[in-house]
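Here are the chains, one letter per residue:
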Amino acid sequence: KSETLRKKLNIPLNCKVALVISDMTEKHEMVHILRAFQRVAVKKPNTKLIVVGSGPYFKPIEFEMLNLALSSKVQFVGNIPPYEIPDYIDLADVYINLSNAMGFEENTFEAMAQQKVIIGSEVSALANIIENTKDGFLIRPADSNSLCELMIDIFSQDHNYRQIGENARRKVLSLFDLRSEEQSVG
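These lines cover the structure that appears in this document, whether it is placed above or below. (Residues numbered from 1 in each chain as written. Predicted model: local features only at pLDDT ≥ 70, side-chain atom pairs only at ≥ 80, totals over all residues. Heavy atoms only, no water.)

**A look at the overall build of the chain**
Next up, step 1: For the chain, the count of helices and strands is eight helices and six strands.
Next up, step 2: Starting at the N terminus, the α and β elements of the chain follow one another as α-β-α-β-α-β-α-β-α-β-β-α-α-α.
Next up, step 3: The C-alpha radius of gyration computed for the chain amounts to 16 Å, which stays within 12% of the reference 16 Å derived for 186 residues, consistent with globular compactness.
Next up, step 4: For the chain, the spread of C-alpha atoms along the three principal axes comes to 60 × 35 × 30 Å.
Next up, step 5: Out of the 186 residues belonging to the chain, those deemed buried represent 48%.
Next up, step 6: A separation threshold of at least 6 residues defines the contact pool for the chain, and within that pool the share at least 24 residues apart is 69%.
Next up, step 7: Carbon and sulfur atoms make up 50% of the accessible area of the chain, which totals about 9,700 Å². (Helix = DSSP H or I, 4+ residues; strand = E, 2+ residues; numbered from the N terminus. Rg over C-alpha atoms; globule rule 2.2 N^0.38 Å. Buried < 20%, exposed > 50% of the residue type's maximum accessible area, 1.4 Å probe, protein only. Contact = heavy atoms within 4.5 Å. Areas by Shrake-Rupley, 256 points an atom, 1.4 Å probe, with all protein chains shown as cover.)

**A word on the nonpolar core**
Next up, step 1: Within the largest apolar cluster, 35 residues are counted, with the highest numbers of intra-cluster contacts made by L49, V74, I96, I119, L147 and M151.
Next up, step 2: Contact partners of L147, with chain neighbours within four places excluded, come to I33, A36, I96, L98, I119 and I139. (Core = buried A, V, L, I, M, F, W, Y, C linked by side-chain atoms within 4.5 Å.)

**Regarding the environment of V77**
Next up, step 1: Relative to the helices and strands, V77 resides in strand β3 (residues 74–78).
Next up, step 2: Distance in space between the C-alpha atoms of V77 and S54 is 8.6 Å, their sequence separation being 23 residues.
Next up, step 3: For V77, the residues in contact, after removing those within four places along its chain, are L9, I50, V51, V52 and Y88.

**A word on the packing of helix α2 (residues 27–43) against helix α6 (residues 144–156)**
Next up, step 1: One can describe the packing of α2 onto α6 by two numbers: an axis separation of 8 Å at closest approach and a directional angle of 40°. It follows that α2 is oblique to α6 by the angle criterion. Where α2 crosses over α6, the handedness of that crossing is right-handed. Packed against α2, whose contacting residues are H32, I33, A36, F37, R39, V40 and K43, the element α6 presents S144, N145, L147, C148, M151, I152 and F155 at the interface.
Next up, step 2: Grouping the amino acids of the contact of α2 with α6 by side-chain chemistry returns nine nonpolar, three polar and two charged. (Axes fitted to C-alpha atoms, helices over the stretch in contact; angles between N-to-C directions. Parallel < 35°, antiparallel > 145°, perpendicular 65-115°, else oblique. Left-handed = near helix turned anticlockwise from the far one by under 90°. Nonpolar A, V, L, I, M, F, W, Y, C, P; charged D, E, K, R; others polar.)

**A look at the sheet that holds β3**
Within a sheet, each strand pairs with its neighbour through backbone hydrogen bonds, oriented either parallel or antiparallel.
Next up, step 1: Pairing within the open sheet is parallel, and its six strands lie in the order β3-β2-β1-β4-β5-β6. Edge positions in the sheet fall to β3 and β6 (137–139), since each of these pairs with one other strand and no more. Strand-to-strand twist of the sheet, defined as the mean angle between neighbouring strand axes without regard to direction, takes the value 20°.
Next up, step 2: Sheet topology note: the strand β2 (residues 47–52)/β3 ladder contains four bridges and is parallel. In the sheet register, V52 faces β3, and the bridge partner there is G78. (Pairing = 2+ DSSP bridges.)

**Some words on the packing of aromatic side chains**
Next up, step 1: Tallied over the entire structure, the rule returns three aromatic pairs.
Next up, step 2: Here F58 and F76 contribute two aromatic rings whose centre-to-centre distance is 5.4 Å and whose plane-to-plane angle is 85°, an arrangement assigned as edge-to-face. Taken together, the residues span a long stretch of sequence, with F58 in helix α3 (residues 58–67) and F76 in strand β3 at a distance of 18 residues.
Next up, step 3: When the ring of F109 is compared with that of F176, the centres are 5.2 Å apart and the planes differ by 75°; the resulting orientation is edge-to-face. Linking F109 in helix α5 (residues 106–113) with F176 in the loop between α7 (162–175) and α8 (178–185), this pair joins segments that are 67 residues apart in sequence. (Phe/Tyr/Trp six-rings, centres within 6.5 Å; stacked < 30°, edge-to-face > 60°.)

**Focus on the packing of α5 against α7**
Next up, step 1: In contact at an axis separation of 7 Å, α5 and α7 are set at 120° when each is read in the N-to-C sense. With respect to their mutual orientation, α5 and α7 come out oblique. Contact residues: F109, M112 and A113 in α5; G165, A168, R169, K171, V172 and L175 in α7.
Next up, step 2: Partitioned by chemical class, the residues of the contact of α5 with α7 number six nonpolar, one polar and two charged.

Any functional reading would require information beyond the geometric quantities listed.
Put into structure tokens, the structure is as follows:
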């Protein structure tokens, strides 16, 4: 399905993609991501940022994107049905979740299962799941410099990050392995 989606979104085959899924209830989180991505797009012109979701701060976030001259690099796709999320994740090279939400994000687990490189917030519940630099990356949500440098490095040397995606998959499979839970309970 991702090839059909790639064509629908007009994303070239050799394009590197970062994905964010946001409810846009926090403006600053997305603004930091957009500012980081602006510098990524200058150094790596063959990149795109896909933003799934909408919310109360959609218009100010969209305005910030336009002010940063990113209209050709960032695609807002709005809300999509949950069953389509895995296809969007499949397109991505990097999955970014800098939300400070207290709960766990099932989309992050899906991205881990698909061996994507995860960039998460060190002040969220993800910090209890992701081991920094082993099965993902944890940064401060407002640290757009670190986010920018990390994305540029991942997009430049993706072969160096494959092991992190594989580790993320192993981690999420071990977390949700019902057989090992049955053995420890039984």
